[in-house]
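Residue-level listing of the chains:
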Amino acid sequence: LAKTTQPISMDSYEGQEVNITCSHNNIATNDYITWYQQFPSQGPRFIIQGYKTKVTNEVASLFIPADRKSSTLSLPRVSLSDTAVYYCLVGDTGGGNKLTFGTGTQLKVEL
Amino acid sequence: DGGITQSPKYLFRKEGQNVTLSCEQNLNHDAMYWYRQDPGQGLRLIYYSQIVNDFQKGDIAEGYSVSREKKESFPLTVTSAQKNPTAFYLCASSGTSGADTQYFGPGTRLTVL
């Protein structure tokens, strides 16, 4: 399984754009990059998934360079409710395959 | 919570007792998973199942057991052999293609007294 490295914590203010970068140097050809959000005492919630280039949905964008050795989750105009832990995962997320969750990035958004 | 239910939300047990955590999904997913989360830590995989009547050990299976008799159900038993069972337990399910994402339940917080 590809190991991921992401910052332990980040601070931001409401209305700003937040970019969280994840390094995954040994990503395999068939691996997808998936980001989850988790609030305290809740299950992780899927945010976005991509394989290459750029993916955008209603809540975030995911930028993946050509070598796929890193990825950046972009949260536009964050609010207080975006304060959470964000996990970057690399691998086959479905099919009963194992996922490895690191400690994630604790994002704190202030007024 | 995406059609996955876990019960109860909070569970208290005395040391030495076995306890079973429930996980049910109505997403018609073939794969199901159990994770454990300790304070300030990421999720660690306990067991996973790709299909009914089949399951595999994850990274921390010792002291736990599971069954998969029905597609929609994947109960986890925390046995007395688990040395430190107090934790937050999360169940998830997914389809079986490589791009299918895992959907998580709300979790059960188990406290062993």
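As shown above, the structure is provided for reference.
Residues numbered from 1 in each chain as written. Chains lettered and ligands numbered in written order. Predicted model: local features only at pLDDT ≥ 70, side-chain atom pairs only at ≥ 80, totals over all residues. Heavy atoms only, no water.

Visitor: What am I meant to see in the sheet that holds strand β1 (residues 9–13) of chain A here?
Guide: What holds strands together in a sheet is hydrogen bonding between their backbones, with the strands either parallel or antiparallel. Residues and elements named next belong to chain A. Within the open sheet, the five strands sit side by side as β1-β9-β8-β3-β4. Their pairing is mixed. A single partner strand is all that each edge strand has here, and the edge strands are β1 and β4 (45–50). The sheet shows a mean angle of 25 degrees between the axes of neighbouring strands, taken without regard to direction. In this sheet, β4 lies alongside strand β3 (residues 32–38) in antiparallel orientation, the contact comprising five bridges. Across the sheet, residue Trp35 finds its bridge partner in β4, namely Ile48. (Pairing = 2+ DSSP bridges. Helix = DSSP H or I, 4+ residues; strand = E, 2+ residues; numbered from the N terminus. Axes fitted to C-alpha atoms, helices over the stretch in contact; angles between N-to-C directions.)

Visitor: Would you explain the sheet that holds strand β6 (residues 61–64) of chain A in this entry?
Guide: All names here are of chain A. Judged by pairing direction, the sheet is antiparallel, and its four strands sit side by side in the order β2-β7-β6-β5 without closing on themselves. Every other strand in the sheet has two partners, leaving β2 (18–23) and β5 (53–56) as the edge strands with one partner each. Neighbour to neighbour, the strand axes of the sheet diverge by 15 degrees on average, direction disregarded. Summarising the sheet, β5 and β6 pair through four bridges and their orientation is antiparallel. Residue pairing in the sheet places Lys54 in a bridge with Phe63 of β6.

Visitor: What am I meant to see in the interface of chain B and chain A here?
Guide: Often, the extent of an interface is quoted as the loss of accessible area upon association of its parts. Counting from both sides, the interface comprises 28 residues of chain B and, opposite them, 22 residues of chain A. Of the roughly 1800 Å² buried between chain B and chain A, counting both surfaces, carbon and sulfur atoms make up 52%. Counting every contact that joins chain B to chain A gives zero salt bridges. The tally of links between chain B and chain A comes to four residue pairs in polar contact (both at pLDDT 80 or more). Looking at the side of chain B that touches chain A residue by residue, the classes come out as 11 nonpolar, 13 polar and four charged. (Contact = heavy atoms within 4.5 Å. Buried area = accessible area lost by both parts, 1.4 Å probe. Salt bridge = Lys/Arg side-chain N within 4 Å of Asp/Glu carboxyl O. Polar contact = N/O pair within 3.5 Å; in protein donor to acceptor, adjacent residues only side chain to side chain. Nonpolar A, V, L, I, M, F, W, Y, C, P; charged D, E, K, R; others polar.)

Visitor: Can you help me understand the packing of aromatic side chains in this one?
Guide: To describe a pair of aromatic rings, you give the distance between the ring centres and the angle between the ring planes. Residues and elements named next belong to chain B. All chains considered together, the criterion is met by seven aromatic pairs over all chains. Judged by centre distance (5.9 Å) and plane angle (65 degrees), the ring pair of Tyr64 and Tyr89 falls under edge-to-face. Placement of the pair is Tyr64 in strand β7 (residues 64–66) and Tyr89 in strand β9 (residues 87–94), with a sequence separation of 25 residues. The buried category is assigned to Tyr64, whose relative accessible area is 6%. (Phe/Tyr/Trp six-rings, centres within 6.5 Å; stacked < 30°, edge-to-face > 60°. Buried < 20%, exposed > 50% of the residue type's maximum accessible area, 1.4 Å probe, protein only.)

Visitor: Help me understand the state of the cysteines, please; the structure alone is not making it clear to me.
Guide: One covalent bond between the sulfur atoms of two cysteine residues makes up a disulfide. All told, the structure shown has two disulfides over all chains when counted by the stated rule. Note on cysteine connectivity: Cys22 of chain A is disulfide-linked to Cys88 of chain A, with sulfurs 2.2 Å apart. Residues Cys22 of chain A and Cys88 of chain A share a disulfide whose torsion about the S-S bond is about -80 degrees; that sign makes it left-handed. Linking Cys22 of chain A in strand β2 with Cys88 of chain A in strand β8 (residues 84–91), this pair joins segments that are 66 residues apart in sequence. Among the residues examined, Cys88 of chain A registers a relative accessible area of 1% and is labelled buried. Bridging Cys23 of chain B to Cys91 of chain B, the disulfide has an S-S length of 1.8 Å. As the torsion about the S-S bond is roughly -70 degrees, the Cys23 of chain B-Cys91 of chain B disulfide counts as left-handed. Residue Cys23 of chain B is located in strand β3 (residues 19–25), and its partner Cys91 of chain B is located in strand β9; the two are separated by 68 residues in the primary sequence. (Disulfide = S-S within 2.5 Å.)

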